[in-house]
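# Notes for the structure review
Next come the chains, spelled out residue by residue.
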Amino acid sequence: MLRGLYNWTMDKASHPHAVWWLALFAFVESSFFPIPPHPLLGLMCLAEPKKAVKFALVCTLASVAGALLGYAIGWGLYDSVGVWLIGALGLTDAFPVAACHLREYDFEAILIAGATPVPFKLLTITAGFVGMNLVTFVLSSLFARALIFMTVGILFRVFGAAIKRMIDKYLGIVTTVFVLLVVGGVLVLTQLGGSKEEGGVCATATEVKPAR
C-alpha cells in the first residue's frame, strides 16, 4: 500500500501544475493545515532533481507568505478563529508556553520552530497573538524556512540520484523516521517550559494577550 501511494505521488510530483500544489500546501501549512509540505517537496525533488532548488525556493516563499496569514489570525482573529484552530490541532496546552517563549526569545523561537519538523503554525499564530515585531517575524521565518527547505533542494540537486536509490530501497524506514520526528516535535512543544518542579520560566505560563 505504501509503495503504491509512493509511486502515485511520484507521478503527480512531476505533473506540470505540481509546483502550484506545492506552493499551496506550503502556504496553508504555515497557518492552519496539519500536513507539512516536506514529503511533497522531497518527492518533487526526486522526480526532477535539476529543479530541486527552484522547488525549494517556491516552498520557502509560499511558507513565509502563509506565516503572515498565521500572524494575522493570532493578531486580529485569535478569539474567534485562533482558539478553534489551536484546539483542533491539539496544541492548546502548548500555546501558553509557546507565547511565553516568544516573548522571551522571539527571533530564536521562530528560527527553531521553523527549521525543525514541529508545527510551525503554532508559532506563527502565537507571534501575532503576542504582537511580535513584524519585521523580526518575517526575517526569522524567512531564514528558518529557507534553512530547512533550501537545504533539501540543494541536497537533492547535488545528490538526487543517490538519495532516490536510498529512498526506493528503504522507503518504509524513511517514512517511519519522518513520522517519529514530527511526533517528537509536538511532544517537545508541549514540554517547552519544563516541569513546574524544575521552575522553568514558562512552566506556568498562561494566555495573556497584550493591549493593542
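Notes on the structure in this doc start here. This structure is a prediction, so every number in the text was calculated from the model and none was measured.

### Examining the nonpolar core
Membership of the largest hydrophobic core comes to 23 residues, with the highest contact counts inside it found for L102, I110, L122, A127, M132 and F137. Mapped onto this core, the elements with two or more residues apiece are α4 (52-76), α5 (78-88), α6 (94-105), α7 (107-114) and α8 (120-130). Per-element tally for this core: the top contributor is α8, with seven residues. Residues in contact with A127, not counting those within four places in the same chain, are Y71, L102, I110, M132 and F137.

### Notes on helix α3 (residues 38-47)
Counting buried positions along α3 yields eight of ten residues, so the element is predominantly enclosed. Those residues of α3 lying buried are H38, L40, L41, G42, L43, M44, C45 and L46.

### Concerning a nonpolar patch on the surface
A surface patch of nonpolar side chains, amounting to about 440 Å² of accessible area, comprises V53, I154, L155, V158 and F159. As for its placement among the helices and strands, V158 is situated in helix α9 (residues 134-169). A relative accessible area of 54% places V158 in the exposed class.

What counts, and where the lines are drawn
- Residues numbered from 1 in each chain as written.
- Predicted model: local features only at pLDDT ≥ 70, side-chain atom pairs only at ≥ 80, totals over all residues.
- Heavy atoms only, no water.
- Core = buried A, V, L, I, M, F, W, Y, C linked by side-chain atoms within 4.5 Å.
- Buried < 20%, exposed > 50% of the residue type's maximum accessible area, 1.4 Å probe, protein only.
- Helix = DSSP H or I, 4+ residues; strand = E, 2+ residues; numbered from the N terminus.
- Contact = heavy atoms within 4.5 Å.
- Patch = residues over 30% accessible without salt bridge, like charges linked within 9 Å, V, L, I, M, F, W, Y side chains within 5 Å.
- Areas by Shrake-Rupley, 256 points an atom, 1.4 Å probe, with all protein chains shown as cover.
- Salt bridge = Lys/Arg side-chain N within 4 Å of Asp/Glu carboxyl O.

Nothing here speaks to function; it is all geometry.
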